[in-house]
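If you want the building blocks of each chain, they are given just below.
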Amino acid sequence: MKHLLATSLLLLSASAFAQPAAGPFARMVVIQPKPGQSAAFEQGYQRHLEWHKGANDRWTWYGWSFVLGDRLGMFMDGTFGHAAANFDAAVQPAGDAADNAANVVPHADFLSHGVFRRLESASVGQPLPDASPFLAMATYTVAPGEETAFERQLVAGASAPANTGRAAPGFTWYRLQVGGAGGQYVLMRAVPSFGAAAELPEVLPAGAKALVRGVRTELLRYRADMSYIPKD
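**A closer look at the overall build of the protein**
Phase 1: Secondary structure assignment for the protein yields 6 helices and 8 strands.
Phase 2: The secondary structure elements of the protein, listed N-terminal to C-terminal, are α-β-α-β-β-α-β-β-α-β-β-α-α-β.
Phase 3: Summarising the internal contacts of the protein: among those between residues at least 6 apart in sequence, 84% fall at separations of at least 24.
Phase 4: A total of about 12,000 Å² of accessible surface is found on the protein, and carbon and sulfur atoms cover 59% of it.

Below is the structure:
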């Protein structure tokens, strides 16, 4: 009996600290603090991250503040590099929702929540985002039926001679899978400073530009104090 109990405890401990399966999927959430409640939102969100820590969450959650663009003053968090099945195995969903309702919801509105897929063959360098000081983000919209042609152009651009072997600066493309209007693609690039964002080179292939129906460009500042990275 003691042997069985010890074995069970060992299995539970291993399960609690198991790393989530790697994959191309991400969840991104945009949050808008209520008027006059930015400080209260940040404090509540930080308490919520403490809940994740106490629950031994093995997912990494990055957080950013929008500093350029029409979502200025809003906040985005996201978890990246998942297999799709991970989203059915989040840590303590009921407890997470309850703590979120108590600490975050009173001070902010959740504007969007989408599941995205990284386009590996269209990306260059290490998968983004990371903990770089700033994140340049461009969201492109293409018309229904043009997605395949657009992605074909992205892949051709990533494999062009000018980009071959280019480890840095790199870029990562994501396609919205579910959670918003169709035909959305997000380009992410890490930048070291505010000024560096103004000098980023064009990476959208000419053939892809002809298929774009709309674009939104933004700069986000990484918030280490609003992020959760589990310790190994």
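**A word on the nonpolar core**
Phase 1: One finds W64, M76, F80, Y174 and M188 to be the most contacted residues of the largest nonpolar core, which totals 19 residues.
Phase 2: Formed by 17 residues, the second largest nonpolar core is a distinct cluster that contains F150, A158, F171 and W173.

**Remarks on helix α2 (residues 38-54)**
Phase 1: Between the first and last C-alpha of α2 there are 24 Å, a value that for 17 residues agrees with the 24 Å anticipated at 1.5 Å per step.
Phase 2: Buried within α2 are the following residues: F41, G44, Y45, H48, L49, W51 and H52. Angularly, the buried residues of α2 cover 150 degrees about the axis, an arc narrow enough to put them on a single face. Residues E50, K53 and G54 are exposed on α2 and point more than 90 degrees away from its buried face.
Phase 3: Where α2 is buried, its residues touch β1 (22-33), β3 (75-82), α3 (93-103) and β4 (108-118).
Phase 4: Looking at the residues trailing α2, positive phi occurs at N56, about 55 degrees.

**Examining the sheet that holds β3**
Phase 1: Taken in spatial order, the 8 strands of this closed barrel run β1-β3-β2-β8-β5-β7-β6-β4, and their pairing is antiparallel. Between one strand axis and the next, the sheet turns by 35 degrees as a mean value, whatever way the strands run.
Phase 2: Taken together, the 7 bridges between β1 and β3 define a ladder with antiparallel strand orientation. Across the sheet, residue V30 finds its bridge partner in β3, namely M76.
Phase 3: Across the sheet, α2 is in contact with β1, β3 and β4; its angle to β1 comes to roughly 145 degrees.

**Quick notes on unusual backbone geometry**
Phase 1: In this structure, the amide linkage connecting L128 to the following residue, P129, adopts the cis form with an omega of 10 degrees.
Phase 2: Within the fold, P129 resides in the loop between β4 and β5 (134-142).

**As for the pairing of β4**
Phase 1: Across 9 bridges, the pairing between β1 and β4 is antiparallel. Residue pairing for β4: R27 is matched across the bridge by V115.
Phase 2: Two strands pair when backbone bridges link them, and β4 and strand β6 (residues 172-178) are joined in this way by 4 bridges, in the antiparallel orientation. By the bridge assignment, V115 is partnered in β6 with V178.

**Digging into the packing of aromatic side chains**
Phase 1: Under the definition given, this model contains 14 aromatic pairs.
Phase 2: Taking 5.6 Å as the distance between ring centres and 65 degrees as the angle between the ring planes, the aromatic pair formed by F41 and F75 counts as edge-to-face. With F41 in helix α2 and F75 in strand β3, this residue pair connects regions lying 34 residues apart in the sequence. A single burial state applies to F41 and to F75, both of which are buried.

Analysis parameters
Residues numbered from 1 in each chain as written. Predicted model: local features only at pLDDT ≥ 70, side-chain atom pairs only at ≥ 80, totals over all residues. Heavy atoms only, no water. Helix = DSSP H or I, 4+ residues; strand = E, 2+ residues; numbered from the N terminus. Contact = heavy atoms within 4.5 Å. Areas by Shrake-Rupley, 256 points an atom, 1.4 Å probe, with all protein chains shown as cover. Core = buried A, V, L, I, M, F, W, Y, C linked by side-chain atoms within 4.5 Å. Buried < 20%, exposed > 50% of the residue type's maximum accessible area, 1.4 Å probe, protein only. Expected span 1.5 Å × (residues − 1). Arc of directions from axis to C-beta. Pairing = 2+ DSSP bridges. Axes fitted to C-alpha atoms, helices over the stretch in contact; angles between N-to-C directions. Phe/Tyr/Trp six-rings, centres within 6.5 Å; stacked < 30°, edge-to-face > 60°.

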